[in-house]
Structure formats: structure tokens, C-alpha cells
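# Structural overview for review
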Amino acid sequence: VPHDSSLASLLNVGILYLGDVASQAALDVYEAMMAKNHNEMLCEDMACLLGLVDRFSPLLESKDENGNATIDPLFITRQTSLLDMIKSILPSNPPSQDAFRTSGGFETLVRVFF
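In this text the structure is predicted, and so the values were computed from the model without any measurement. (Residues numbered from 1 in each chain as written. Predicted model: local features only at pLDDT ≥ 70, side-chain atom pairs only at ≥ 80, totals over all residues. Heavy atoms only, no water.)

### Thoughts on the overall build of the protein chain
The condition that has to hold: Helix numbering and strand numbering both begin at the N terminus, where a helix is a DSSP run of H or I of at least 4 residues and a strand a DSSP run of E of at least 2. Burial here depends on accessible area, computed with a 1.4 Å probe over protein chains only, as a share of the maximum for the residue type. Under 20% is buried, over 50% is exposed, and the range in between is partly exposed. What makes two residues a contact is simply this: any of their non-hydrogen atoms within 4.5 Å.
The secondary structure content of the protein chain amounts to six helices and two strands. Secondary structure elements in the protein chain, listed N-terminal to C-terminal, are α-α-α-β-β-α-α-α. Per-residue burial over the protein chain gives 32% buried out of 114 residues. Put simply, 58% of the contacts in the protein chain that link residues at least 6 apart link residues at least 24 apart.

Structure (C-alpha cells):
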């Protein structure tokens, strides 16, 4: 069985499965990497983060024992943290703005809100 040993995979595990402190630490690493990169790695990181935002969307809503829709606050918190981190990078880094556009960032926002 092949194993993925990339940093992005490790950071994604921190964001998806570990606690709040680990999730925020992983987002801080992504933010630092994206602030420094202006090449294809920036696009890969942006696509990965937008994919994580999409991944949280269907998990937000679940049903309780009566069949009523409930929203898990943990998923909202994680998704908001991801979007905040992306938002913090965009104004000061023009290449990240291009990466956001070409990676489907606007489409991801539409899916989140609708």
C-alpha cells in the first residue's frame, strides 16, 4: 500500500481530524507557506484548502433522533477558520488571488452559501 508522505497530507489530517489547537497550527503552516510561495505550489495549496472547505460542507448538517436537521458547530468553526485563513492571504498576495480564481474559489464560496 503506497503512503503519501507530503506535508499537505499531514496538515490536512490536522485540520480534518485533530483538535482545535492542531487544526489552527496546520492552518498557520499553510498560511506561512502560501505567503512565501508564488509558483505552482501556491495553486496546489489553494486547491487543497478549497477542497477542504468543500469537504466540510456536506458534513455540516446531520439529523437528530427525531429526524430534525442539526448543524455541528465544530464543522462550522473549521470551515470558518479555513475561509478566514484564505481571506487573510488574498489582499497582500496577488499570485494567491490568481490561484483563488483558477482553483475555483468563487465556485466554492457559492457552494458554501447556497
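Alright, that's what it looks like, and here's the rest.
### Observations concerning the pattern of salt bridges
To keep things clear, this is the line we draw: Salt bridge, as used here, is a side-chain nitrogen of Lys or Arg placed within 4 Å of a carboxyl oxygen of Asp or Glu.
Enumeration according to the criterion identifies three salt bridges in this entry. Across the pair D54 and R111 runs a salt bridge, and its minimum N-O distance is 2.7 Å. Placement of the pair is D54 in helix α3 (residues 40-56) and R111 in helix α6 (residues 105-113), with a sequence separation of 57 residues.

### Quick notes on the side chain of S96
To keep things clear, this is the line we draw: Identification of polar contacts relies on pairs of N or O atoms within 3.5 Å, with a donor-acceptor requirement for protein atoms, meaning one able to donate a hydrogen and the other able to accept it, and with residues adjacent in sequence counted only if both atoms are side-chain atoms.
Turning to its location among the elements, S96 is positioned in helix α5 (residues 94-102). In this structure the side chain of S96 is engaged in a polar contact, spanning 2.5 Å, whose partner is the backbone oxygen of N93. Residues within four places of S96 in sequence aside, it is in contact with L42, M46, I89 and L90.

### Examining a nonpolar patch on the surface
To be explicit about the condition: Patch membership is restricted to residues that have no salt bridge and whose relative accessible area is over 30%. Joining uses 9 Å for like charges and 5 Å for the nonpolar side chains Val, Leu, Ile, Met, Phe, Trp and Tyr. Shrake-Rupley sampling with a 1.4 Å probe provides the accessible areas, and residues are treated as covered by the protein chains on show and by no other component.
A contiguous nonpolar surface patch, about 260 Å² in accessible area, is contributed by L7, L10 and V29. On the basis of relative accessible area, V29 is assigned to the partly exposed category, the value being 34%.

### Concerning the confidence of the model for the protein chain
Defined as follows: The predictor's confidence in any single residue is recorded as pLDDT, a number from 0 to 100.
Across the protein chain, the average pLDDT comes to 82, with 88% of residues at or above 70. When mean pLDDT is compared element by element in the protein chain, α5 scores highest at 90, while strand β1 (residues 61-63) scores lowest at 61.

### Section: the nonpolar core
Counted only if it meets this: Think of a nonpolar core as a cluster: buried Ala, Val, Leu, Ile, Met, Phe, Trp, Tyr and Cys residues, connected wherever their side-chain atoms sit within 4.5 Å.
Judged by nonpolar contacts, the single largest core of 23 residues is most densely connected at I15, M46, L49, L82, M85 and I86. It is α3 that provides the largest number of residues to this core, a total of seven residues. The contacts of M85, once residues within four sequence positions are left out, are L27, Y30, E31, M34 and L49.

### With respect to the environment of A25
Counting through the fold element by element, A25 comes out in helix α2 (residues 20-36). Of the residues examined, A25 reaches a relative accessible area of 38% and is grouped as partly exposed. For the pair formed by A25 and G14, sequence separation is eleven residues and the distance between their alpha carbons is 8.1 Å.

### Here's the deal with the side chain of D45
Worth spelling out the cut-off: Asp and Glu count as negative and Lys and Arg as positive, but His and the ends of the chain are not part of the count.
Relative to the helices and strands, D45 is located in helix α3. No salt bridge is formed by the buried D45; its nearest oppositely charged neighbour, K36, is found at 13 Å. The residues touching D45, leaving out its near neighbours within four places in the chain, are Y30, M33, M34 and N37.

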